[in-house]
Amino acid sequence: QVQLVESGGGLVQPGGSLRLSCAASGSIFSSGDMGWYRRAPGKQRELVAAITRRGSTNYADSVKGRFTISRDNAKNTVYLQMNSLKPEDTAVYYCAADTIVPPYRYWGQGTQVTVSS
């Protein structure tokens, strides 16, 4: 019954900002890492940013210094603040949430981010 729902995507001009949110509609037990992936046109899906339950983060080199991932454990919600957006950031962004016991990865349906003038 767990469902991840992304929001915050849309069309933005180069240099602009967006904040993506991903919230679980149901209860998630033994939650672990959460993160954001993206699939750009003609490219494979890649990890954008990830965050552990304790708050340790890592980012793709292409977004370091521009994107910030954060989470609210009480709400089982993860965020992605995206600044200084570039056209090459255009992609469908997918939220992912892992549980520890049992090991499982939940996926959101994706939200479109388009960076264009």
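Right above here is the structure, for reference.
This text gives an overview of the structure that appears in the document.

What counts and what doesn't
Along each chain, residue indices are assigned from 1 in the same order as the chain's sequence is written. Totals for whole chains, interfaces and linings use all residues, but because this is a predicted model, local features are given only for residues with pLDDT of at least 70 and pairs of side-chain atoms are given and counted only at 80 or more. Side-chain numbers come from the whole structure's heavy atoms, not from hydrogens or water. Here a helix means four or more residues in a row that DSSP labels H or I, a strand means two or more in a row labelled E, and each is numbered from the N terminus. Residues belong to one nonpolar core when they are buried, are Ala, Val, Leu, Ile, Met, Phe, Trp, Tyr or Cys, and are joined through side-chain atoms within 4.5 Å. Buried residues are those whose accessible area, probed at 1.4 Å on protein chains only, stays under 20% of the maximum for their type, while exposed residues exceed 50% and partly exposed ones sit between those limits. In this description, contact between two residues means that some pair of their heavy atoms is separated by no more than 4.5 Å. Pairs of cysteine sulfur atoms within 2.5 Å are what we label disulfides. At least two bridges found by DSSP between two strands is the condition for calling them paired. Orientation is described by axes fitted as lines to C-alpha atoms, over the contacting stretch for helices, and by angles from 0 to 180 degrees between their N-to-C directions. Within this document, salt bridges are pairs made up of a side-chain nitrogen of Lys or Arg and a carboxyl oxygen of Asp or Glu, the two lying within 4 Å of each other. Throughout this description, a polar contact denotes any pair of N or O atoms lying within 3.5 Å of each other; where both atoms belong to protein, one of them has to be capable of donating a hydrogen while the other can accept it, and for residues adjacent in sequence the pair is counted only when both atoms sit in side chains.

## Describing the environment of Pro 103
- With respect to the helices, strands and loops of the structure, Pro 103 is situated in the loop between β9 (91–99) and β10 (104–107).
- Separated by 71 residues in sequence, Pro 103 and Gly 32 have C-alpha atoms that sit 9.3 Å apart.

## Here's the deal with the nonpolar core
- Judged by nonpolar contacts, the single largest core of 26 residues is most densely connected at Trp 36, Val 48, Phe 67, Val 78, Leu 80, Met 82 and Tyr 93.
- Elements that contribute at least two residues to this core include exactly β3 (18–24), β4 (31–39), β5 (46–51), β7 (67–72), β8 (77–82), β9 and β11 (111–115).
- With near-sequence residues (within four places) excluded, Phe 67 lies in contact with Arg 38, Val 48, Tyr 59, Leu 80, Gln 81, Met 82, Asn 83, Leu 85, Asp 89 and Tyr 93.

## Here we look at the environment of Ala 24
- Along the chain, the position of Ala 24 falls in strand β3.
- Using a relative accessible area of 17% as the deciding quantity, one classes Ala 24 as buried.
- With 29 residues separating them along the chain, Ala 24 and Arg 53 place their C-alpha atoms 15 Å apart.
- If we ignore the near neighbours within four places in the chain, the residues touching Ala 24 are Gln 3, Leu 4 and Asn 76.

## Overview of the state of the cysteines
- Under the counting rule described, the total for this entry stands at one disulfide.
- Across the disulfide from Cys 22 sits Cys 95; the S-S distance is 2.1 Å. Looking along the S-S bond of the Cys 22-Cys 95 disulfide, the torsion reads about -85 degrees, which is the left-handed sense. One end of the pair, Cys 22, is in strand β3; the other, Cys 95, is in strand β9, with 73 residues separating them in the sequence.

## Overview of the sheet that holds strand β1 (residues 4–7)
- Here four strands make up an open sheet; going across it, the order is β1-β3-β8-β7 and the pairing antiparallel. In the strand order of this sheet, the two ends are held by β1 and β7, each with one partner. On average, adjacent strands in this sheet sit at an angle of 15 degrees to one another, irrespective of strand direction.
- Bridging between β3 and β8 involves six bridges; their strand directions are antiparallel. Looking at β8, one finds that Arg 19 is bridged to Gln 81.

## Side note on the pattern of salt bridges
- The full count for this structure, using the stated rule, is five salt bridges.
- Linking Arg 38 and Glu 46 is a salt bridge whose minimum nitrogen-to-oxygen distance equals 2.8 Å.
- Residue classification places Glu 46 among the partly exposed positions, given a relative accessible area of 32%.
- A salt bridge links Lys 64 to Asp 61; the shortest N-O distance between them is 3.0 Å.
- By sharing partners, the salt bridges in this structure join Arg 38, Glu 46, Arg 66 and Asp 89 into a single network.

## Side note on the side chain of Arg 66
- Among the structural elements, Arg 66 can be located in the loop between β6 (57–59) and β7.
- Its relative accessible area of 10% is what places Arg 66 among the buried residues.
- In this structure the side chain of Arg 66 is engaged in a polar contact, spanning 2.8 Å, whose partner is the side chain of Asp 89.
- The contact partners of Arg 66, leaving out residues within four places of it in the chain, are Gln 81, Met 82, Asn 83, Ser 84, Leu 85, Lys 86 and Asp 89.

Geometry only, nothing functional implied.
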